[in-house]
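# Remarks on the overall topology
The residues making up each chain are set out below.
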Amino acid sequence: MGESSKRKQPKTWEIVISGTWPKQFVEKLRERNNRETAPYEDIFNSFASLYSTLEQYRGKIKKLDYENLRRQEDIKSIINDPGKKLTENDKNFLSLQQENIQLIRQHENTQREMLRMAMKVKDVGSKETQIINLDGKCFRLEQENGVLRDEFTTLQLMCRKLEEDNKNLLMENQHMLEKILLHKKEEADVVNMHNDTMKKLKEHQMFYELESARKEDNNSPEQSLLSVNHTSNLSQVDILSLPRSRVSSRCRLYSGPAIIPSQVTNKVEQHSSELYSLAFSYQGTMFATGGADKCVKLWRSSNLPNVDSISTLTGCNAGVMSIDIDERDQYVVAGSNDSAVRMWQVAGGQIRSTFMGHDNKIYCVKFYSHSQKIVSGSHDRTLRLWDVRTNKNVRTIFARSSCHDLAVLSEQGTDIVSGHFDKRLRFWDERQDTSSFEMLLDGRITSLDLSGCGKYLACSCKDASTIKFIDLKLRQAIATFTADGLRMGEHTRCSFSPDGQYIACGSTDGNIFVWNTRTLKREEVPKMHSSAVPVVKWHPMGQAFISLEKSKKFYVWSDLS
């Protein structure tokens, strides 16, 4: 039995390695096994020796238990017979019993030692298992680390390449910007050259027509008589020489009360796309139209209902959203969806200035300060003030919402009103960066128009399809105009009549709505349009108005024959 216990026990920590493992890993495991099992060899040998000794003691204990039982019976007989003397066997039994007690104690100590050794062996086995698992995990982590290191190197190379590409793109972008600026300059030069050529052609044509007429007059037996209205000419010169505030009052003096025309006397279709904007000159001798075809057309309106084309102003790279004409009829300014404000000379049609600075499409532009300055409102939530003489942006006001229209209450620019997408009407002083007063209306504001007396403001609100009649002195709405069927679009613009008695507005269904500001009642206007009417504008003389139709046409309304 001792020999069998001294035999080497099967090593439970040896594992069978499958052929799929790398040879290098197997060799490392074997080296680690030899290195880790050598310190515990003595423990296993001592455990085997103690186990064999324990078996010997177990045999002796069985034998002693048998002797003990027999001796106990003898002791009982002696106890029952006190006169009986102890024999030699009894003495041996007592000594053996003491030895038995000692052996039991040794057995208990041995069992405790074996239990402690078994616990150590168990701990060693679990730790070896943990070591094997950790070795495998370390091996996998080393492999993953190698893969990550390769990926990191690849990403570094890609990052360097992207940085080089970015640098090249920045250089190309700068080069393209220079090219674009040069191209725009060349384009403006070409446009100006074209306008000069057209002007010369018209001058030659006019000279030819005058020469032909002179020859015909010389050949005819009767001379025609020319009648000149000196009063009309004088009043025209006087009006041109007056400042803006005096021009407005002079126009009201000669225009008389406004009337609502009941018929369309002229239809004009010269644009190639939708129309968005319309502006009259201060004297009403001409007006300008603009739309999605990227151009502004000037028309002569001194002989309504007849209109004659004067010129076409080009240079915009996107649709024209707003137009204004200066007080002396010398310049036309327009805001476009290409984020630029452009100003042309009426005589010759050349681009006088281009104002860049907005980041999004421009909805409204206005001259002010006796046409020495321009204010523009944009979808980029800013108002910008421009100096016409220096072509510079003199101030930028952050309005916190997209600006859809503007009204200038004073020539000095100390009172500017803006209507916004967030339904708010804001009052500004160009010397301040914050609004001095705000009003919350019924919906998104699409247009503003100032009455001829400068005391009232009309505001069109898209969401509620209403027009607010605002007293500027009280700074509150004193009336609200609406009607069944009135539907406003994104670019709907309302307007006062020159005397302030009427407000007109177009609808998306082709109707035109007119209200009397004194009686607050709606006036009837026949439906003549077949598509949406974004703009209705009264002629400064008050005897006619012009309405734009979305389908490329504008209508002249007048009862004059």
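Our subject is the structure that appears above.
Residues numbered from 1 in each chain as written. Predicted model: local features only at pLDDT ≥ 70, side-chain atom pairs only at ≥ 80, totals over all residues. Heavy atoms only, no water.

Within the protein, the secondary structure is distributed over six helices and 28 strands. Pairs at least 24 apart in sequence give 48% of the contacts found in the protein among residues at least 6 apart. Put simply, the protein shows about 32800 Å² of open surface, and 52% of that area lies on carbon and sulfur atoms. (Helix = DSSP H or I, 4+ residues; strand = E, 2+ residues; numbered from the N terminus. Contact = heavy atoms within 4.5 Å. Areas by Shrake-Rupley, 256 points an atom, 1.4 Å probe, with all protein chains shown as cover.)

Let us now look at the sheet that holds strand β1 (residues 264-268). Pairing within the open sheet is antiparallel, and its four strands lie in the order β1-β28-β27-β26. Two strands close off the open sheet at either side, each with one partner strand: β1 and β26 (535-538). Going from strand to strand, the sheet's axes swing by 20 degrees on average, the running direction of each strand aside. Note: β26 against strand β27 (residues 544-548), four bridges, orientation antiparallel. (Pairing = 2+ DSSP bridges. Axes fitted to C-alpha atoms, helices over the stretch in contact; angles between N-to-C directions.)

With antiparallel pairing, the four strands of this open sheet are ordered in space as β22-β23-β24-β25. Strand pairing shows two members of the sheet lacking a second neighbour, β22 (495-496) and β25 (522-523), which therefore form its edges. Across two bridges, strand β24 (residues 512-516) lies against β25 in antiparallel orientation. Residue pairing for β25: V514 is matched across the bridge by E523.

This part is about the pattern of salt bridges. Charged atoms that come close allow side chains of opposite charge to pair. The final tally for this structure, using the stated rule, is 21 salt bridges. Its salt-bridge partner being K366, residue D405 comes within 3.7 Å of it at the nearest N-O pair. Here D405 is found in strand β14 (residues 403-408), whereas its partner K366 is found in strand β10 (residues 362-368), with 39 residues between them in sequence. K366 sits in the partly exposed class, given a relative accessible area of 22%. Here D463 ties to R444 by a salt bridge, and the two come within 2.9 Å at their closest N and O atoms. Of this pair, D463 sits in the loop between β19 (456-461) and β20 (466-471) while R444 sits in the loop between β17 (437-440) and β18 (445-450), and the two are 19 residues apart along the sequence. Within this structure, R400, D422, R424, R426 and E438 form a network of salt bridges that share partners. (Salt bridge = Lys/Arg side-chain N within 4 Å of Asp/Glu carboxyl O. Buried < 20%, exposed > 50% of the residue type's maximum accessible area, 1.4 Å probe, protein only.)

We now examine the layout of surface pockets. In this model, the second largest pocket occupies a volume close to 700 Å³. Residue lining of the second largest pocket: 24 residues in total, with K202, S309, I310, S311 and V346 positioned closest to the centre. Secondary structure elements with two or more residues in the lining of the second largest pocket: α4 (88-219) and β5 (308-313). Class assignment of the residues belonging to the lining of the second largest pocket gives a composition of seven nonpolar, eleven polar and six charged. (1 Å grid on protein atoms, 1.4 Å probe; cavity = no way out; pocket = protein on both sides within 12 Å on 5 of 7 lines; lining within 4 Å. Points joined across faces, edges and corners; volume = space filled by probe spheres on them. Nonpolar A, V, L, I, M, F, W, Y, C, P; charged D, E, K, R; others polar.)

Let's shift gears to the nonpolar core. V296, L298, I323, V332 and W344 are the most contacted members of the largest nonpolar core, which has 16 residues in total. Broken down by secondary-structure element, the contributors of at least two residues to this core are β3 (286-291), β4 (296-300), β5, β6 (320-325) and β7 (331-336). By residue number, the principal contributor to this core is β6, which donates three residues. Not counting residues up to four positions away in its chain, the partners in contact with V296 are A288, T289, S311, T312, L313, V320, I323, V332, A334 and W344. (Core = buried A, V, L, I, M, F, W, Y, C linked by side-chain atoms within 4.5 Å.)

In this section: the side chain of S460. Counting through the fold element by element, S460 comes out in strand β19. A distance of 2.6 Å separates polar atoms of two side chains, one belonging to S460 and the other to T446. Apart from the residues lying within four places of it in its own chain, the contact partners of S460 are R444, I445, T446, S447, T466, I467, M488, T492 and C494. (Polar contact = N/O pair within 3.5 Å; in protein donor to acceptor, adjacent residues only side chain to side chain.)

A few words now on helix α2 (residues 23-37). Between the first and last C-alpha of α2 there are 21 Å, a value that for 15 residues agrees with the 21 Å anticipated at 1.5 Å per step. Within α2, burial applies to F25, V26, L29, R32, N33 and T37. Looking down the long axis of α2, one finds its buried residues gathered within 130 degrees of arc, a one-sided arrangement. Of the exposed residues in α2, those oriented more than 90 degrees away from the buried face are K23, Q24, R30, E31, N34 and R35. (Expected span 1.5 Å × (residues − 1). Arc of directions from axis to C-beta.)

Before going further, it helps to spend a moment on the packing of aromatic side chains. Applying the stated criterion across every chain, the model contains 14 aromatic pairs. Here Y502 and W538 contribute two aromatic rings whose centre-to-centre distance is 6.0 Å and whose plane-to-plane angle is 15 degrees, an arrangement assigned as stacked. Pair noted here: Y502 is in strand β23 (residues 502-506) and W538 is in strand β26, with a separation of 36 residues, a long-range link. Classification of W538 by relative accessible area gives buried; the value is 5%. When the centroid spacing of 6.1 Å and the interplanar angle of 15 degrees are considered together, the rings of F513 and W515 count as stacked. Considered together, F513 and W515 belong to a single accessibility category, that of buried residues. (Phe/Tyr/Trp six-rings, centres within 6.5 Å; stacked < 30°, edge-to-face > 60°.)

Here we take up unusual backbone geometry. In this structure, P305 follows L304 across a cis peptide bond, with omega equal to 5 degrees. For P305, the location among the structural elements is in the loop between β4 and β5. Even without being a glycine, K294 presents a positive backbone phi close to 70 degrees. In this structure, S371 is a non-glycine residue whose phi angle is positive, near 65 degrees. Relative to the helices and strands, S371 resides in the loop between β10 and β11 (373-378).

These values are about where atoms sit, not about what they do.
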